[in-house]
There are 2 protein chains.
Amino acid sequence: MTEAPTACILIIGDEILSGRTQDTNIKYMAGRLAALGIKLKEARVVPDVPEAIIAAVNFCRVLYTYVFTTGGIGPTHDDITTACIARAFGRKVLRHPDAVKKMDVFYKGDLNEARLKMAEVPDGADVALIENHVTSAPGYRIENVFVMAGIPSIAQAMFEAAVPLLRQGDPVFSGSVDGEAREGDIAADLTALQEKYPKVSLGSYPSVRNNRLCTSIVARSTDKALIVQALEDVAAMMLRHGVEPKTTKP
Amino acid sequence: MTEAPTACILIIGDEILSGRTQDTNIKYMAGRLAALGIKLKEARVVPDVPEAIIAAVNFCRVLYTYVFTTGGIGPTHDDITTACIARAFGRKVLRHPDAVKKMDVFYKGDLNEARLKMAEVPDGADVALIENHVTSAPGYRIENVFVMAGIPSIAQAMFEAAVPLLRQGDPVFSGSVDGEAREGDIAADLTALQEKYPKVSLGSYPSVRNNRLCTSIVARSTDKALIVQALEDVAAMMLRHGVEPKTTKP
């Protein structure tokens, strides 16, 4: 068994750090990466500041198998991702002929200088992430860094276009047992179950629903059968505490 | 004018990195920090891995005026934030007598060992973040690091309890002009406006609504009057492009 590939997500954009926009790209990619057996080790939101973007890209691309960035590849003055990625790699920015050709068809007479900026990539990048129903401008891959748009529907399409280029690991499955248990009542028993199933990661997530405290015990593993077994034990444990368990199988 | 204080958010939790849970704490705190004049420089999601948490805390607490963490301070085996924060500061973990006293009243006879874990803080921390309607367990402050719960309603209450302890800067206001403009059509004019208003940050955020491309131009500044002026110019510019502008004043 080889080590599972790892990943980091970089969300580039002042709109997230100002509180204006709710990011949803992390959740989408995180779920997909788990299913692909790629271990998401961190996600960072960085501002539209060249030094911050360059530092984050260079730190993460050395540390992880893959880096996925979203945001900042549009035509306006605040779209600085490509310039920063190029600087991070010490490469020039070039207009990619395939991208220009594609956008020329898409925009007909409207392909101005601002739009042509969206055809620019760092030297050596391949414009593999071609799915963009909004502007036809590509995302791209440079070495192990995938550079994608920020608009969620485009980011998702670009991510899916990247999937065939990724080395995958054993997919991580998950299942859960929900119940109106208070974490503090079941914590000791849960610790014992975590020790019984060292190959399953048991997470305990409390929440408040209709003013009632609920706890969701989530089991994650590459081994589905082991998850099912662990969930049965968790459900039985909840019943012992007088809590009706609701199991969702992997 | 002194430099504005800075901040970093650390979201601690495998549930975000597995794609199970949509984080909303970043957006809440980001908006509040902008209003408080505290510059949010980055947000990170880190896994439930001690080395990752310790490294992130120690990196960020040196770099920024304030660090806000959410998640991992509950009673179960996967709640490891306090142990990690203590290691990051080279401190012991102690049971805080005020927290024990408070939880003893809250839980009456049910205050078991698992719950008492929630009364533990690194030596020297103050249990200032007392608002917790769910478990009565406190969040706490240790030097410039604020450690809060992950459940959004509790995280928000704890953040508000932290506000009086924060040095504030000039609040950043924002307003916007929305319209069915395509970014590429207005990019050049927008660059000129950004140059005209160097003290206003103009961001351009495209989106797709009802299958139509929209662009939201957001102006941010500590100077409200300047925002209003810039937005008027942006609206006039959109009109010149045949787009009906919808202005939201700061």
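Each remark here, short or long, concerns the structure printed above.
Just so you know, these numbers come straight off a predicted model, no measurement behind them.

**A closer look at the interface of chain A and chain B**
Working step 1: In this assembly, 51 residues from chain A lie in contact with 51 residues from chain B.
Working step 2: For the side of chain A that touches chain B, the elements supplying multiple residues, two or more each, are helix H1 (14-17), helix H2 (25-35), strand E2 (39-46), helix H6 (113-116), helix H8 (183-196), strand E10 (201-209) and strand E11 (212-221) of chain A.
Working step 3: For the side of chain A that touches chain B, the class distribution of residues is 23 nonpolar, 17 polar and 11 charged.
Working step 4: Strand direction decides the pairing type here: E2 of chain A and strand E2 (residues 39-46) of chain B, joined by three bridges, are antiparallel. In the strand pairing of E2 of chain B, alanine 43 of chain A is matched with valine 45 of chain B.

**Topic: the packing of H8 of chain A against helix H9 (residues 224-240) of chain A**
All names here are of chain A.
Working step 1: Following both chains from N to C, one finds H8 and H9 inclined at 155°, their axes separated by 11 Å at the closest point. The angle between the axes of H8 and H9 places the two elements in the roughly antiparallel class. The chirality of how H8 crosses H9 is right-handed. When H8 is examined against H9, the residues Ile186, Asp189 and Leu193 are found in contact with a partner set consisting of Ala230, Asp233, Val234, Met237 and Met238.

**A closer look at the sheet that holds E10 of chain A**
In any sheet, the strands associate via hydrogen bonds between backbone groups, in a parallel or an antiparallel arrangement.
All names here are of chain A.
Working step 1: Overall, antiparallel pairing links the four strands, which are arranged E10-E11-E9-E12 in an open sheet. Whereas interior strands pair on both sides, the edge strands pair on one side only; in this sheet they are E10 and strand E12 (246-248). Geometrically, the sheet is characterised by an average inter-axis angle of 20° between neighbouring strands, direction not taken into account.
Working step 2: Where E10 and E11 come together, nine bridges link them in antiparallel fashion. Looking across to E11, one finds that valine 208 is bridged to leucine 213.
Working step 3: Across the sheet, H9 lies against strand E9 (173-179), E10, E11 and E12, angled at about 10° from E9, the strand it touches most.

**Re the pairing of E2 of chain A**
Two faces belong to every sheet, and in a regular strand the side chains alternate between them.
Residue and element names in this part refer to chain A.
Working step 1: Taken across its eight residues, E2 has six buried, putting it largely inside the fold.
Working step 2: Alignment of strand E1 (residues 6-12) against E2, held across seven bridges, turns out to be parallel. Bridging across to E2, threonine 6 finds its partner in lysine 39.

**Quick word on the relation of the copies chain A and chain B**
Both copies of the chain are related through a single rotation about an axis accompanied by a shift along the same axis.
Working step 1: For the pair chain A and chain B, the best superposition has an RMSD of 0.0 Å and corresponds to a rotation of 180° with a translation of 0.0 Å parallel to the axis. This pairing of chains is accounted for by a two-fold axis. The C-alpha atom lying nearest the rotation axis in chain A is that of arginine 44 of chain A; the distance is 2.2 Å.

**A word on the sheet that holds strand E11 (residues 212-221) of chain B**
Residue and element names in this part refer to chain B.
Working step 1: Pairing is antiparallel across the open sheet formed by four strands, whose spatial order is E10-E11-E9-E12. Every interior strand has two partners, whereas the edge strands, strand E10 (201-209) and strand E12 (246-248), have only one. This sheet shows a mean twist of 20° between the axes of neighbouring strands, independent of strand direction.
Working step 2: This element, helix H8 (residues 183-196), spans E10 and E11 of the sheet and lies at about 165° to E10.

**Considering the environment of glycine 72 of chain B**
All names here are of chain B.
Working step 1: Relative to the helices and strands, glycine 72 resides in the loop between strand E3 (66-70) and helix H4 (81-89).
Working step 2: Linking glycine 72 and alanine 99, residues 27 residues apart in sequence, is a C-alpha distance of 17 Å.
Working step 3: Discounting residues that sit within four places of it in the chain, glycine 72 has contacts with Ile12, Gly13, Asp48, Asp79, Ile80, Thr81 and Gly150.

**Re the nonpolar core**
Working step 1: If you look at the biggest cluster of nonpolar residues, it comprises 152 residues, and the most contacted ones within it are Ile9, Leu10 and Val67 of chain A together with Leu10, Val57 and Val67 of chain B.
Working step 2: If near-sequence neighbours (up to four positions away) are discounted, leucine 10 of chain B is found in contact with Arg44, Val46, Ala56, Val57, Cys60, Val67 and Thr69 of chain B.

**Quick notes on helix H2 (residues 25-35) of chain B**
Residue and element names in this part refer to chain B.
Working step 1: Those residues of H2 that sit buried are Asn25, Ile26, Met29, Ala30, Leu33 and Ala34. For H2, the arc enclosing every buried residue in end-on projection is 150°, short of the 170-degree limit, so these residues lie on one face.
Working step 2: Once H2 ends, the next one or two residues include glycine 37, with phi positive near 70°.

Criteria and thresholds
Residues numbered from 1 in each chain as written. Chains lettered and ligands numbered in written order. Predicted model: local features only at pLDDT ≥ 70, side-chain atom pairs only at ≥ 80, totals over all residues. Contact = placed C-beta atoms within 7 Å. Helix = DSSP H or I, 4+ residues; strand = E, 2+ residues; numbered from the N terminus. Nonpolar A, V, L, I, M, F, W, Y, C, P; charged D, E, K, R; others polar. Pairing = 2+ DSSP bridges. Axes fitted to C-alpha atoms, helices over the stretch in contact; angles between N-to-C directions. Parallel < 35°, antiparallel > 145°, perpendicular 65-115°, else oblique. Left-handed = near helix turned anticlockwise from the far one by under 90°. Buried ≥ 20, exposed ≤ 12 C-beta atoms within 10 Å, placed from the backbone. Least-squares fit on C-alpha atoms with pLDDT ≥ 70 in both. Core = buried A, V, L, I, M, F, W, Y, C linked by C-beta atoms within 7 Å. Arc of directions from axis to C-beta.

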